[in-house]
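A closer look at the structure
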Amino acid sequence: MNYYYENDMFRIEGISKEHTISDIDIYIGKGILRNTSGYIQKRNLGKKCLIVADKNTYRAAGTELAEVLRQGGILADVCLLYDREDERIEADELSVGQVMMSLEPEPDFLIACGSGVINDITRFVSFIANKPFISVGTAASMDGYTSVTAPMIFDRKKIHRHGNAPKILVLDTEILKNAPNELTIAGFGDVYGKFIAKADWLISNITTGEKIDEQALDLITQALGKLTGNVDEIANATDEGLKAIIEGLILAGITIFTTGQTRAVASVEHNQGHVWETRMLEAGRPYPLHGTAVGCSTGYYLRMYEYFKKTDISRIDRGKAKQRFLNRDAFRERAVKCFGESFLSALEKTNKCLNLTEEDFDYHYDSIVKNWDRILNVLDFLPGWEEYKKIYKKFGHPIHAEKIGIPSDLLRYTLPCSTFYRDRYDFVFVMNILGIADDIAEKALEDYRREE
Ligand SMILES: [Zn+2]
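Residues numbered from 1 in each chain as written. Predicted model: local features only at pLDDT ≥ 70, side-chain atom pairs only at ≥ 80, totals over all residues. Heavy atoms only, no water.

**Things to note about the domain arrangement of the protein**
Let me state the cut-off plainly: Either an automatic procedure or a domain database provided the assignment from which the domain bounds are taken. By buried area we mean the combined loss of accessible area, with a 1.4 Å probe, across both parts when two parts are placed together. Salt bridge criterion: a side-chain nitrogen from Lys or Arg within 4 Å of a carboxyl oxygen from Asp or Glu.
Each domain of the protein was delimited in the assignment, giving domain 1 (3-179) and domain 2 (270-450). The C-alpha centroid of domain 2 is placed 35 Å from the C-alpha centroid of domain 1. Summed over both partners, the interface of domain 1 with domain 2 buries about 560 Å², with 43% contributed by carbon and sulfur atoms. Counting the surface domain 1 buries against domain 2, the share from its top three residues, R88, R156 and K158, is 63%. Inspection of the region where domain 1 meets domain 2 yields 1 salt bridge.

This is the structure:
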């Protein structure tokens, strides 16, 4: 399954005749913001809108957007989200309240002018107020542009709420390339992490028989190829470079749509990022951007994958591994360091992987050992840690978790335990079954220490 462009609209073979996917029109290209009124007219969304932006995104794209709309005969009001000085704007009660109260006079539709948080706020209000929205992206920083769930903060806790997907998504590379470097590298990290997701999915297919959606896997493979083929372009923030990242992010979003789940795009590298975010939020401390966390996490797991591949399966001590896994108290002691008491208690109620029986253990152990050679064979496509380091060096971006604000001890606890965040089979789970997760995590940490 290939993707292509038709008048700047992103199209995927055999998916939809009229739109990019479902009823979403995605436009990607250089200088296409000026066509936005035309895109809106084509969808009959109306003549009055509310633009949601913050002061940075309004400067980056909002001013020009308002002018384009005016020329197209569309009346636009602006809701400029309150500036929070040193703190980031969040998708929380304050922002949602502000946008809700700006729905007077009543618009026909909303426009999210921004990236992650602004889209989350707008998709949620769009859903609640039953008004369609369109999105004008200002950064290639995350894969959630087409998402129907909005990660939000409520009562200072992370929650997920239903939201709408945009009817139209306009991604102008002229705008994306002017985004702060940090946002672009975050987008890169979010896509690059799919190497881990792909590897984990392939392993699960072998050892548990989990079905692979070949189309989704194919799209992710194309996205990764585009990304690694354009590292210099990305480092120099050219139109081509930004296009490579945004296509990767969009393809990832599309696989979530077509498969109805995030299997193709998120595994332990995302789990670890989520755990970091939850724990930092809980501690009232600042946390990195989603893609920054995922990209950083991916580096550690690529290194761990290298050690994983070198495991001498004939020397694994089954009895010891079993004892380690099934000794509830000791196991819980480790897990609680990773997740914290209340978070872990909540996970234990739903996650099967936190309540494995001896029978489950035997099943997994036998299947891994029996299929070891096949597992190694499918992992050839994984990039090495050296390659990863070279890329981040080119970006001038640190690779150490501590440098993006994650405490060393938290990192040490999350590396071998991130798999227990959800019931999704991955190589960290496999390492736990084999009883080698802690050792391999330690080795990777040691290598990172040598990189200081
Ligand atoms: Zn992501």
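**Observations regarding the packing of helix α13 (residues 318-326) against helix α16 (residues 358-370)**
Put simply, the rule reads: Angles shown run from 0 to 180 degrees and are taken between the N-to-C directions of axes, each axis being a line fitted to C-alpha atoms and, for helices, limited to the stretch in contact. Secondary structure follows DSSP: runs of H or I at least 4 residues long count as helices, runs of E at least 2 residues long count as strands, and numbering of each begins at the N terminus. We call two directions roughly parallel when the angle between them is under 35 degrees, roughly antiparallel when it is over 145, roughly perpendicular when it lies between 65 and 115, and oblique otherwise. Two helices that cross are described as forming a left-handed crossing if the nearer one is turned anticlockwise from the farther one by less than a right angle, and a right-handed crossing if clockwise. Throughout, a contact is declared for two residues whenever any of their heavy atoms are within 4.5 Å. Side-chain classes are defined by residue name, with Ala, Val, Leu, Ile, Met, Phe, Trp, Tyr, Cys and Pro counting as nonpolar, Asp, Glu, Lys and Arg as charged, and the others, Gly among them, as polar.
Interaxial distance between α13 and α16 falls to 11 Å at its minimum, and their mutual angle equals 135 degrees. Taken together, α13 and α16 sit at an angle that is classed as oblique. Between α13 and α16 the crossing geometry is right-handed. Contacts from R318, A321, K322, F325 and L326 in α13 reach E358, F361, D362, Y365 and D366 in α16. Looking at the contact of α13 with α16 residue by residue, the class counts come to 5 nonpolar, no polar and 5 charged.

**Re the packing of helix α12 (residues 290-309) against helix α20 (residues 427-434)**
When two helices pack together, their arrangement is given by the angle between the helix axes and the distance between those axes. It is the contact of α12 with α20, at a shortest axis distance of 11 Å, that shows an interaxial angle of 45 degrees. Relative to α20, the element α12 is oriented oblique. Read as a crossing pair, α12 and α20 show a hand that is left-handed. Two secondary-structure elements touch here, α12 through Y301, M304, Y305 and F308 and α20 through F427, V428, V430 and M431. Across the contact of α12 with α20, the residue classes break down as 8 nonpolar, no polar and no charged.

**Here we look at the coordination of the zinc ion**
Let me state the cut-off plainly: Listed donor atoms are N, O and S within 2.8 Å of the metal (Na, K and Ca: 3.2 Å). As water is not included, a site may look incomplete. In short, tetrahedral needs four donors with all angles between 85 and 135 degrees, square planar needs four and octahedral six donors with opposite donors over 155 degrees apart and all other angles between 65 and 115, and whatever is left is irregular. Here the term buried applies to any residue with accessible area under 20% of the maximum for its type, exposed to any over 50%, and partly exposed to those in between, with areas from a 1.4 Å probe on protein chains only.
Taken together, D190 (OD), D190 (OD), H270 (NE2) and H290 (NE2) make up the protein donors of the zinc ion, found 2.2 to 2.8 Å from the metal. Considering all 4 donor atoms around the zinc ion, the spread of angles at the metal, 50 to 138 degrees, places the coordination shape in the irregular class. Every donor residue of the zinc ion comes from the same chain, spaced as D-x79-H-x19-H. Residue H270 is found in helix α11 (residues 268-282), and its partner H290 is found in helix α12; the two are separated by 20 residues along the sequence. The class for H270 is buried, based on a relative accessible area of 4%.

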